[in-house]
Amino acid sequence: MKIEGGKRYAVLLATKDSDYAKKVYGGYFNVYLAAFGEEGESWDLFRVIDDEFPDVNELQNYDGFVVSGSPSDAYGNDIWILKLCLLLQTLDAMEKKVLGICFGHQVLCRALGGKVGKAYTGWDVGLRKVSIVKDLAPYYFFDDLGEIPTSLSIIECHQDEVFEVPLGAEVIGFSEKTGVEMFAIGDHIFGIQGHPEYTSDILLNLVDRLLSMDAMEKGFADEVRLGMQTAEPDRMCWERICRNFLKG
């Protein structure tokens, strides 16, 4: 998806491709591209988990960045995570658009002065209804939804969360499980705890893998599967919100 002169974006991939993602989608990069990319744009991939980072002298040439989810802890001190925090601070100072998803949401918060950690209530996996703080969400990326919805369902898979947002940030979404589901700073920083890019099959495969690693109880996994059979995420709305943010 590259056309000379089009807008340029990059995915900062903070996870390894699963065998399933490679087999079905050709890797997670293609999942993000399908969700957020449009014709006439150029999208680059940087596997930050493997210490692949954009050249600092090239940052000015990008219109926006997407920071992916990850099995790593956003509050960890792995070298690549610390380098990612420095990059995010630089992008914030440049007022480049940055969309953080799940781990990306958390590490973005950490990098800009907020607090993140292990969720006191444990795993949140499956569909979650996110309530939108309408009075604090007059952002342009909600504009073409017509009336701003009171809530939207999204796929979640995390056991860490944001405890405190950075100075100047606004919490624009919350749920019964997680206090900070969405936050924004100005018109260039946007964090979403859930996965707007996930399809049901990606989540169910991830649940199977967590179960096989004894990282999840079987009863809980069964509940997640049942929940995914009886309801659907508002993927179209989430994708539109994210595209509006990146392209607006």
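Residues numbered from 1 in each chain as written. Predicted model: local features only at pLDDT ≥ 70, side-chain atom pairs only at ≥ 80, totals over all residues. Heavy atoms only, no water.

Per an unreviewed UniProt entry, the recorded name for the protein is Glutamine amidotransferase domain-containing protein, and the organism is Castanea mollissima.

With that out of the way, let us pick up the environment of Ile241. In this structure, Ile241 sits in helix 7 (residues 235-247). As for Ile241 and Asp144, which are separated by 97 residues in sequence, their C-alpha atoms are 8.6 Å apart. (Helix = DSSP H or I, 4+ residues; strand = E, 2+ residues; numbered from the N terminus.)

Looking now at the pairing of strand 3 (residues 64-67). The side-chain alternation of strand 3 yields two buried faces, one formed by Gly64 and Val66 and the other by Phe65 and Val67. Here four bridges tie strand 3 to strand 4 (residues 97-101), and the two strands are oriented parallel to one another. Across the sheet, residue Val67 finds its bridge partner in strand 4, namely Gly100. In this region the chain leaves strand 3, passes through helix 3 (residues 79-93) and returns to the parallel neighbour strand 4; the handedness of that crossover is right-handed. (Buried < 20%, exposed > 50% of the residue type's maximum accessible area, 1.4 Å probe, protein only. Pairing = 2+ DSSP bridges. Right-handed = clockwise from strand over helix to strand, strands pointing away.)

Moving on: the packing of helix 2 (residues 28-36) against helix 7. Remark: helix 2 packs on helix 7, axes separated minimally by 9 Å, with the N-to-C direction vectors making an angle of 85°. The orientation of helix 2 relative to helix 7 falls into the category roughly perpendicular. Seen from helix 2, the contacting residues are Ala34, Ala35 and Phe36; seen from helix 7, they are Glu239, Cys242, Arg243, Leu246 and Lys247. Counted by class, the contact of helix 2 with helix 7 contains five nonpolar, no polar and three charged residues. (Axes fitted to C-alpha atoms, helices over the stretch in contact; angles between N-to-C directions. Parallel < 35°, antiparallel > 145°, perpendicular 65-115°, else oblique. Contact = heavy atoms within 4.5 Å. Nonpolar A, V, L, I, M, F, W, Y, C, P; charged D, E, K, R; others polar.)

Mapping Tyr120 onto the fold places it in the loop between strand 5 (115-118) and strand 6 (124-132). Under the relative-accessibility criterion, Tyr120 is labelled exposed at 74%. Considered as a pair, Tyr120 and Gln159 are 39 residues apart in the sequence and their alpha carbons are 8.6 Å apart. Setting aside residues up to four positions removed in sequence, Tyr120 forms contacts with Glu161 and Phe163.

Glancing now at the pairing of strand 7 (residues 151-158). Counting buried positions along strand 7 gives seven out of eight residues, so the element sits mostly inside the fold. Strand direction decides the pairing type here: strand 6 and strand 7, joined by eight bridges, are antiparallel. Across the sheet, the residue bridging to Gly126 is Glu156, located in strand 7.

Of all hydrophobic cores here, the largest spans 48 residues; its most connected members are Phe36, Leu99 and Phe142. Looking at this core element by element, the count peaks at seven residues for helix 2. If sequence neighbours within four positions are ignored, Leu99 has contacts with Phe36, Phe65, Val66, Val67, Phe190, Ile192, Cys242, Phe245 and Leu246. Formed by 34 residues, the second largest nonpolar core is a distinct cluster that contains Ala14, Trp80, Cys85 and Ile189. (Core = buried A, V, L, I, M, F, W, Y, C linked by side-chain atoms within 4.5 Å.)

A few words on the sheet that holds strand 9 (residues 170-174). Here we have nine strands laid out as an open sheet, ordered 2-1-3-4-11-10-9-6-7, and mixed in their pairing. For this open sheet the edge positions go to strand 2 (41-46) and strand 7, each flanked by a neighbour on one side alone. Across this sheet, the average inter-strand angle for adjacent strands is 25°, counted without regard to direction. Relative to strand 11 (residues 189-192), strand 10 (residues 182-185) is paired through four bridges, and the arrangement is antiparallel. Each bridged residue has a counterpart across the sheet, and for Met182 the counterpart in strand 11 is Ile192. Of the strands in this sheet, strand 6 and strand 7 touch helix 5 (residues 200-212), which is tilted by about 30° from strand 7.

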